[in-house]
Amino acid sequence: MKQLQQEKRDAQKRYQLLEQKLGEEREVISQLQKKLYFTVKEEEERVRRQNNVFLQIRKRAAKPHSPLDQQILDVIDVYEAQIHDLRSEIRTHSAEPVEGNPEHLQCGRETERKHALDATPHYKALLESYQSQLKETKAQKEELRRSIQSLRQELESRPTAKEFKSYQQQLKRMDRISRQNNVK
């Protein structure tokens, strides 16, 4: 009987430990789900901002499988990340708002807005520079394409090796005929 009671107590302890572990794991799962939710929301917001900036600059939506558009989106992403880092740095370096002092909080918001506005012209200038490089590259590509086309036409107008041999033979025959006519 004592042995059964002892086994029952041991089983209850194991049950409580397992229940406790289950509760802890449920809590971990809940935290991970929250992190996942916020990460997904952050990623969606990042993509939305990226597409909005692309739309402002290029006046059209990004094409999903275009390498050129992807490069522009990558540049936008880098600068958006830098802007985000700068904003978070501003938040951490700005003095903590004093309770009951809304002016201090308002001042912090205005400073953040000014920094965001300062970043935008630099960002636009960089993207405009990138666009001008793209235009130059496209012009060079078009020039090379025209050059290739003219070289193809020139190559097509030249005789083949077989035709060249035939022309040489005809030229030799004509030379012989010409010599025979001049000798007589």
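Structure report, in brief. Along every chain, residues carry numbers that run from 1 in the direction the sequence is written. In keeping with the predicted nature of the model, local features appear solely for residues at pLDDT of at least 70, side-chain atom pairs appear and are counted solely at 80 or more, and the whole-chain, interface and lining totals rest on all residues. Working from all heavy atoms in the structure, the side-chain values ignore hydrogens and water.

## Structural notes on a positive patch on the surface
Step number 1: Only residues whose relative accessible area exceeds 30% and that form no salt bridge enter a patch; like-charged residues are grouped when within 9 Å of one another, and nonpolar side chains (Val, Leu, Ile, Met, Phe, Trp, Tyr) when within 5 Å. Accessibility throughout is a Shrake-Rupley quantity obtained with a 1.4 Å probe, and a residue counts as covered only by protein chains that appear here. A side-chain nitrogen of Lys or Arg and a carboxyl oxygen of Asp or Glu constitute a salt bridge if their distance falls within 4 Å. Neither His nor the chain termini are counted; the positive set is Lys and Arg, and the negative set is Asp and Glu. We put the charge of a Lys on NZ, of an Arg on CZ, of an Asp on CG and of a Glu on CD. A contiguous patch of positive charge, built from Lys63, Lys135, Lys138 and Lys141, is present on the exposed surface.
Step number 2: Only DSSP runs of H or I covering at least 4 residues are called helices, and only runs of E covering at least 2 are called strands; the numbering of each starts at the N terminus. Of note, Lys63 is situated in the loop between helix H1 (2–58) and helix H2 (67–93).

## Overview of the pattern of salt bridges
Step number 1: By the definition in use, this model includes eight salt bridges.
Step number 2: For the salt bridge of Arg146 with Glu142, the shortest nitrogen-to-oxygen distance reads 3.9 Å. Separated by four residues within a single helix, Arg146 and Glu142 lie in helix H3 (residues 102–157), roughly one turn from each other.
Step number 3: Burial classification: accessible surface area is computed with a 1.4 Å probe over protein chains only, and a residue below 20% of its type maximum counts as buried, one above 50% as exposed, and the rest as partly exposed. Looking at Glu142, the relative accessible area reads 28%, which means it is partly exposed.
Step number 4: For Glu154, the salt bridge identified is with Arg158, shortest N-O distance 2.9 Å.

## Topic: the side chain of Asp69
Step number 1: Mapped onto the secondary structure, Asp69 falls in helix H2.
Step number 2: Assessed through its relative accessible area of 1%, Asp69 is described here as buried.
Step number 3: If sequence neighbours within four positions are ignored, Asp69 has contacts with Phe54, Arg60, Ala62 and Lys63. In this description, contact between two residues means that some pair of their heavy atoms is separated by no more than 4.5 Å.

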